[in-house]
Structures are given as C-alpha cells and as structure tokens.
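Spelled out from the first residue to the last, the chains are:
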Amino acid sequence: MAEQLTPENPENPDESEEQPIKQRKNGLYPGVSDELAANMQSGWADTELHDLQPIPQAEHTARRRAALSARFPGERLVIPAGNLRTRSNDTEYGFRASTEYAYLTGNQTEDGVLVLEPKDGGHEATIYLLPRSDRENGEFWLDGQGELWVGRRNSLTEAEKLYGIPASDVRELPAQLAESTGPTRVVRGHDAGVEKALTDKVTAERDEELRVFLSEARLVKDAFEVAQLEQACTSTARGFEDVVRVLDKAEATSERYIEGTFFLRARVEGNDVGYGSICAAGPHATTLHWVRNNGQVRSGDLLLLDAGVETNELYTADVTRTLPINGRYTELQKKIYDAVYEAQEAGIAAVKPGAKFRDFHDAAQHVLAEKLVEWGLVEGPVERVLELGLQRRWTLHGTGHMLGMDVHDCAVARTEAYVAGTLEPGMCLTVEPGLYFQADDMTVPEEYRGIGVRIEDDILVTEDGNRNLSAALPRRSEDVERWMAELKG
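Parameters at a glance
- Residues numbered from 1 in each chain as written.
- Predicted model: local features only at pLDDT ≥ 70, side-chain atom pairs only at ≥ 80, totals over all residues.
- Heavy atoms only, no water.
- Helix = DSSP H or I, 4+ residues; strand = E, 2+ residues; numbered from the N terminus.
- Buried < 20%, exposed > 50% of the residue type's maximum accessible area, 1.4 Å probe, protein only.
- Areas by Shrake-Rupley, 256 points an atom, 1.4 Å probe, with all protein chains shown as cover.
- Lys, Arg positive; Asp, Glu negative; His and termini not counted.
- Charge placed at Lys NZ, Arg CZ, Asp CG, Glu CD.
- Pairing = 2+ DSSP bridges.
- Axes fitted to C-alpha atoms, helices over the stretch in contact; angles between N-to-C directions.
- Polar contact = N/O pair within 3.5 Å; in protein donor to acceptor, adjacent residues only side chain to side chain.
- Contact = heavy atoms within 4.5 Å.
- Disulfide = S-S within 2.5 Å.
- Left-handed = near helix turned anticlockwise from the far one by under 90°.
- Nonpolar A, V, L, I, M, F, W, Y, C, P; charged D, E, K, R; others polar.
- Expected span 1.5 Å × (residues − 1).
- Arc of directions from axis to C-beta.
- UniProt positions renumbered as here; feature names shortened; annotations may be inferred.

Caption draft 1: Examining the overall build of the protein chain more closely. Helices and strands together make up the secondary structure of the protein chain, namely 17 helices and 19 strands. By its C-alpha atoms, the protein chain is 80 × 55 × 40 Å across when sized along the principal axes. Classification of the 489 residues of the protein chain by burial places 50% in the buried group. Counting every atom, the protein chain has about 22800 Å² of accessible surface; 49% of that belongs to carbon and sulfur. The averaged location of the 85 negative side-chain charges in the protein chain is 4 Å from the averaged location of its 53 positive side-chain charges.

Caption draft 2: Region of interest: the sheet that holds strand 15 (residues 428–431). As summarised here, the arrangement of the three strands in space is 15-18-19, forming an open sheet in which the pairing is antiparallel. Of all strands in the sheet, those bounded by a partner on one side alone are strand 15 and strand 19 (465–468). Direction aside, neighbouring strands of the sheet carry axes that sit 40° apart on average. Strand direction decides the pairing type here: strand 18 (residues 457–462) and strand 19, joined by four bridges, are antiparallel. Paired with Val461 across the strands is Asn466, a residue of strand 19.

Caption draft 3: Looking closely at the pairing of strand 16 (residues 434–437). On strand 16, burial covers both faces: Gly434 and Tyr436 on one face and Leu435 and Phe437 on the other are all buried. Here four bridges tie strand 16 to strand 17 (residues 451–454), and the two strands are oriented antiparallel to one another. Within the sheet, the bridge partner assigned to Gly434 lies in strand 17 and is Arg454.

Caption draft 4: View of the side chain of Glu432. Here Glu432 lies in the loop between strand 15 and strand 16. There is a polar contact of 3.1 Å between the side chain of Glu432 and the side chain of His401. Among the polar contacts listed, one links the side chain of Glu432 to the side chain of Thr430, at a separation of 3.0 Å.

Caption draft 5: Seen up close, the side chain of Arg64. Take Arg64: it is sitting in helix 2 (residues 58–71). Arg64 has contacts with Tyr103, Leu104, Asp222, Phe224, Glu225 and Tyr315, leaving out every residue within four places of it along the chain.

Caption draft 6: Examining the state of the cysteines more closely. Under the defined criterion, the tally for this structure stands at zero disulfides. Looking at Cys279, it has no disulfide partner, and the nearest cysteine sulfur is the one in Cys233, 17 Å off. Of the residues examined, Cys279 reaches a relative accessible area of 0% and is grouped as buried. Not part of a disulfide, Cys428 finds its nearest cysteine sulfur in Cys233, a span of 6.7 Å. Cys428 sits in the buried class, given a relative accessible area of 0%.

Caption draft 7: Quick look at the environment of Arg135. The topology assignment puts Arg135 in the loop between strand 7 (122–129) and helix 4 (139–142). Under the relative-accessibility criterion, Arg135 is labelled partly exposed at 25%. Between the alpha carbons of Arg135 and Ala355 there is a distance of 59 Å; along the sequence they are 220 residues apart. Ignoring anything within four residues of it in the chain, the contact list for Arg135 reads Gln41, Trp44 and Phe140.

Caption draft 8: Examining the packing of helix 10 (residues 223–245) against helix 12 (residues 255–269) more closely. Two numbers describe how helix 10 lies on helix 12: the axes approach to 9 Å, and their chain directions differ by 145°. Pair helix 10 / helix 12 crosses with right-handed handedness. Between helix 10, through Gln231, Ser235, Thr236, Arg238, Gly239, Phe240, Asp242 and Val243, and helix 12, the contact on the second element is made entirely by Ile258, Thr261, Phe262, Arg265 and Glu269. Residues that form the contact of helix 10 with helix 12 fall into these classes: four nonpolar, five polar and four charged.

Caption draft 9: Looking closely at helix 12. Taking 1.5 Å per residue as the helical rise, helix 12 with its 15 residues ought to reach 21 Å, and the 22 Å between its terminal C-alpha atoms agrees with that figure. Of the residues making up helix 12, those classed as buried are Glu255, Ile258, Thr261, Phe262, Ala266 and Glu269. Burial along helix 12 is one-sided: seen end-on, the buried residues are contained in an arc of 135°. Helix 12 presents Arg256, Leu264 and Val268 as exposed residues on the side facing more than 90 degrees away from its buried surface. Against helix 10, helix 11 (247–252), strand 10 (272–273), strand 11 (278–281), strand 12 (302–307) and strand 13 (309–310) lie the buried residues of helix 12.

Caption draft 10: Seen up close, the UniProt feature "domain: Aminopeptidase P N-terminal" (unreviewed entry) in the protein chain. Per the UniProt annotation, the sites labelled "domain: Aminopeptidase P N-terminal" (unreviewed entry) are residues 55–195. Between the end C-alpha atoms of residues 55–195 there is a gap of 29 Å, over a span that is 34% helix and 22% strand.

Caption draft 11: Up close: the sheet that holds strand 12. Strand order in the open sheet formed by three strands is 11-12-14, with antiparallel pairing between adjacent strands. Strands at the two margins of the open sheet, each flanked by one partner only, are strand 11 and strand 14 (319–324). Pairs of neighbouring strands in the sheet enclose a mean axial angle of 10°, with direction left out of account. Pairing of strand 11 with strand 12 involves four bridges; the strand directions are antiparallel. Within strand 12, the position partnered with Cys279 by the bridge is Leu305.

See below:
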C-alpha cells in the first residue's frame, strides 16, 4: 500500500483546505516543489458526467422522505451517513453507510448528511457531500482521501441528478447547523462532528423518536426492497452451492476456506456479506454466532453454515443450512435435523397476514419441545416445558427476526409494532429454529453432545400467506443429500 501525504491539520477537516499539505511523517519525499505543484494543476481532461439518470430507487427514497416529513412537521431532521473508522494507524475499515441514510437517499458515500429543512407544507431536502477533489491546492493527489488515492467521487451536480436531491458541500454543514435555530432531531451514533454542532439543539429523547420512526418505516418492504431481498437470496443460494463444491478443500484446511468461498460470491454479486459468516463445523455448530471460523472440517461431522449476501443497495439475505460434510447424515444427525425441519415447517405455516408476529416462534418451539420430551431429554408434559421455558437449554434463541437492510432489521421499533405486533403483507422475516447439544452437556446422552442444527429461511408475508425467498436451497434431509451429491458430481 503506497504512502499518502496528508493535510497540515488533519484533526480539523474544516480547516484543511486553508492549510498547507505536507508529507506524512517518515515519507520518502521531502516536499513538493513549486514546479511540480504547478505541473499537477493542469493538463487534466474534463470528466464531468452529463447523461446521468436517477438511481432505480429514487422514486422510493422520495416517498420515504415524504413520509418522514409528514411525521415531523416543522422540525429540522439530520440523518448522517457516518465517517470512515480507523482499522490500524492510517488504514480504514471498509465503509458502510448508515441504514437510515441509505434508506432515505440511496447514496452510500462516507461523510454524507441528509438534512430536511422545514418549510411551509413540508420540508426541503438537501444532501450534503464532499465535492470533487480540488486540483488547484493539490488536494486531489496529496490528501489521503484525495481522488488519486481513493478514486473519483461524483460532483455535486452529478449527485443531484442521481439522487434527485439538491446537493451542497458537506464541509459547510457544521457551521450552518451550529448557527441554526428551531426544533431539530438527529440520528445519533454515526457522525460525531454533526452531533457536536447540534449539541445544544437536540435531546436524546427526541432523537430516539426519530430513530424509532425510521426503524418502523422499514417494517413493510416496498417493491424495490422485495426485489433486492430476492436478489440477495438468489446470490446466497449460489454461495452455498460454491461451498458444497469445495468441502474437500475445507477438510484439508479449515472453516476459513468455507468463509472465503462464500465471501467471494458475496463480493462478485453484491456489496459484501450482510454479517459475519458463521461457518461452524462439528461442535462449533453449537455456538450460535461462531465467526472465528478457524476450526477443522471433518468428514462425518455437520457443517452449520449461516451466511447471507448483501446486495449493492445494502439488502441482505440471512440463510442457514446444516450440511453433512461427507454428504450423508448419520442416523442420529438425521433424527435431530428432521426434528428441526418439522419445527421450521410449523413456523413457516404460521407466517401469514393478520397473524401475531410471535405465532411462528410459538409454533416452532412447540414442535421442538415435543421432540425433547419424546426423546426423554426433558420431563413433560409439553405445556409444562413451554410454560417454564425448559426447552431453551437446547433451543437457545428466538425463532426469527425482521430482515432487510440490517440483518436484524427494524431493531429499535416499538415492541407493540414488532414482537407484539401483527404481520402485514410486505414484511420479511427469518424462520430459523435450532437444536444445540453442547459438547459438555452432561444432561444428554453422549452421542448427542457436540451436535448443532439450525435451518433458516427468509419468508415474505404475502396477501394470501407467505413466500419463501430462499426456497432454491433444499431443506428436507433427503433433498439436501441428493443436492450435495449432484454438486459434488
């Protein structure tokens, strides 16, 4: 990775344009000659893009902003994208725009801020972004975030065409916010500079109301969002197929081969993985969020693969399959797997408009409790087990959650609108029951210990029931074995 030069005053980006740009400490060049600086100012072609069309979701983001405007009349609303975060010294983590900002704009660039300024009858929206790098002062090739270092960004004029929102220079925004008056709300946790400018103008309680509204606004997906989730599931299915084809290589290396294989599909067909892939082989399958992925992959064990592709528009799938590494379930593995499959079938059947959100969870848990009683692992009757929650020693987690731009979408919605709410067409949720017998659980027979099974699919609530968006991946044990045999050739 090449060395970068940096502004004289990197701690205060608002002043960087007026500061001389100097060499990074321990850089190999002592400075910039006047001749070189003059040379770099000229001889560049005009690269402005003139024939841009609005992004596909522009009409949807406009409708979302209108709903937001109607909810908070007369108030200034500030929604930041967020800033780069340092990974190590002068390298940053890959940037992912805040969900609220991307949902309302379709833009994904760091440092962006959407501001809805109140006016008669609604709001006037402005998207604040970094303009093209300045070629006059050398920023474009000397600054660490200059375009010759990190790539071209859209001009403000181009941004207006793409997103359908007037665009301004974000470097001017903090001063404008600091001088503003009137009621203001901000989505917190993404941009410290914006929050500092508003420190005496906002309250935590009012800001939380804004965040809750934006979370609940995403409960019902529009047509664009459903198409994105379908795309994410399609790519995810291909990623699972990729993994099955290379299980022999994973056996020769580790779970990381599985993680890397799925990640390749996510990057080729989408933006990234939607969350850290869980590539849990053998007893690691009993750890719910096993993302270390450094364990061995052994023939005869199960692989619990929980992974999802995130699309370029930031919608993620969330799918789990528990696969026999050698292609065939043992008798006990199949018994446990089939029990989880039966529970998932009951859960999916309960997903329909007008049903309570938690109905699918209760249906799946009832089946699992029945199986645990039947196997003699817990004393019945089943109603007693469920009342006391005794099945949770082995089922552990809830049976599903909302899905969308966040893998656990709409997480700060009010309880009465989410867990205690009612399903509506357009909602998308996971149904993912599991059974997990820890390797050190002395309450179950030895042969159960170290077996973990989860089956998870992404279910869209429709007008007349539901649709499994991830149905391309087989679920029944015999179908899984047949599918794996076909993929391995």
